Amino acid sequence: MVVVTYDKLPPLTIGPHERVFVLTGAGISAESGIHTFRDQNGLWQRYRIEDVASPAGWHNDASMVWNFYSQRRAQAEEVAPNPAHYALAELEAKLENRLFLCTQNVDPLHERAGSRRVCHMHGELFKSRCENAKCHTPPHEDHGVYLTHETIPNCVMCGQRLRPHICWFGEMPFELDRITRELARCDWFITIGSSGAVYPAAGFVQEVRSHGRARTIYVGPERPDNAGHFDECRLGKAGEVVPVLFA
Ligand code: NAD
């Protein structure tokens, strides 16, 4: 494993038939002003994760959960993509479906930068869905803020409450079958701004290595917890490193 500041290594040379899997985490949105999980003074610091991001938290106090996600929606309405998001949108324009962009982020900054095919494995901040698992009404676009028990809307099909379309702790991430297929066939695996502490995403790099074909690269200001599984860690902020990486 090589750990160096990003300017010590050349851009990637992606072959004409090669496939690229990019996994992004909260770090890619940090320079846009959205706090990461671990940031001091962030929105997350004012809440206990289990109160606002778990099925038990929802059942105990749905108003508090909606209060938290309403604040995150309000914050996300005000922020703009940074050069890292734009560089990935440009990469998609070049590689088309040879790029698989998988994000752990629920913010819409990849789409705002122009990415069209984003796999949101942990859900989307501006979507809601019925809390009733047996109601098959699909998640829908929703920019509302719901701050009290009385203002939480109900599903138009079954009448139960709407919940954020977010994968909470203890729930199964979305699209794992598609992700598994893409991990098996990629030639490049690049993680950007993820601490390597939240599974299953933190284990993707090991899965890629078990197939023995892809080069694995991490981008972020510090070594992640799973650094030992990457061929290279290119240290620096996503907004500086990513445009150079794919230049
Ligand atoms: P994390 O908070 O655990 O780790 C963030 C990582 O980003 C850290 O390793 C940090 O070194 C790195 N980082 C900080 N500034 C950076 C920069 N400028 N450029 C590149 N990297 C930078 O986040 P995680 O690993 O994504 O996992 C936490 C969970 O919390 C995920 O499920 C994620 O969905 C969720 N989350 C999402 C958002 C969002 O949607 N924007 C925000 C906070 C948390």
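Bear in mind the structure is a predicted one, so any value in this text is a computation, not a measurement. (Residues numbered from 1 in each chain as written. Predicted model: local features only at pLDDT ≥ 70, side-chain atom pairs only at ≥ 80, totals over all residues. Heavy atoms only, no water.)

Participant: I'd like a description of the sheet that holds strand β6 (residues 140-141), backed by residues and values.
Facilitator: Read across the sheet, three strands follow the order β6-β5-β7 without closing on themselves; strand pairing throughout is antiparallel. In this open sheet, the two edge strands, each paired with only one partner strand, are β6 and β7 (162-166). The pairing of strand β5 (residues 123-130) with β7 spans four bridges and is antiparallel. Pairing of serine 128 across the sheet is with proline 164, part of β7. Against the sheet, helix α3 (residues 62-77) makes contact with β5 and β7, and its axis sits at roughly 140 degrees relative to β5, the strand it touches most. (Pairing = 2+ DSSP bridges. Helix = DSSP H or I, 4+ residues; strand = E, 2+ residues; numbered from the N terminus. Contact = heavy atoms within 4.5 Å. Axes fitted to C-alpha atoms, helices over the stretch in contact; angles between N-to-C directions.)

Participant: So what's going on with the side chain of arginine 234? Residues and values would help.
Facilitator: Within the element layout of this structure, arginine 234 appears in strand β10 (residues 232-235). Judged by its relative accessible area of 5%, arginine 234 is buried. Not counting chain neighbours up to four residues away, the residues in contact with arginine 234 comprise Val4, Tyr6, Leu9, Pro10, Pro11, Leu12, Ile217, Tyr218, Val219, Gly220, Val241 and Leu245. (Buried < 20%, exposed > 50% of the residue type's maximum accessible area, 1.4 Å probe, protein only.)

Participant: So what's going on with the UniProt feature "active site" (unreviewed entry) in the chain? Which residues, and what values?
Facilitator: The positions that UniProt labels "active site" (unreviewed entry) are, in the present scheme, His122. Its place among the elements puts histidine 122 in the loop between β4 (118-120) and β5. Beyond its immediate sequence surroundings of up to four residues, histidine 122 is in contact with Thr103, Gln104, Val106, His165, Ile166, Cys167, Pro173, Phe174 and Val198. A distance of 3.3 Å separates a polar atom in the side chain of histidine 122 from the backbone oxygen of glutamine 104. (UniProt positions renumbered as here; feature names shortened; annotations may be inferred. Polar contact = N/O pair within 3.5 Å; in protein donor to acceptor, adjacent residues only side chain to side chain.)

Participant: Could you give an account of the nonpolar core, naming the residues involved and the relevant values?
Facilitator: Val22, Leu88, Ile190, Ile192, Val242 and Phe246 are the most contacted members of the largest nonpolar core, which totals 22 residues. Among the secondary structure elements, those contributing two or more residues to this core are β2 (20-24), α4 (83-95), β3 (99-103), β8 (188-192), β9 (215-220) and α8 (238-245). When residues of this core are assigned to their parent elements, the largest contribution, five residues, is made by α4. Once you skip the residues sitting within four places of it in the chain, valine 242 turns out to touch Ala84, Ala87, Leu88, Ile192 and Val219. (Core = buried A, V, L, I, M, F, W, Y, C linked by side-chain atoms within 4.5 Å.)

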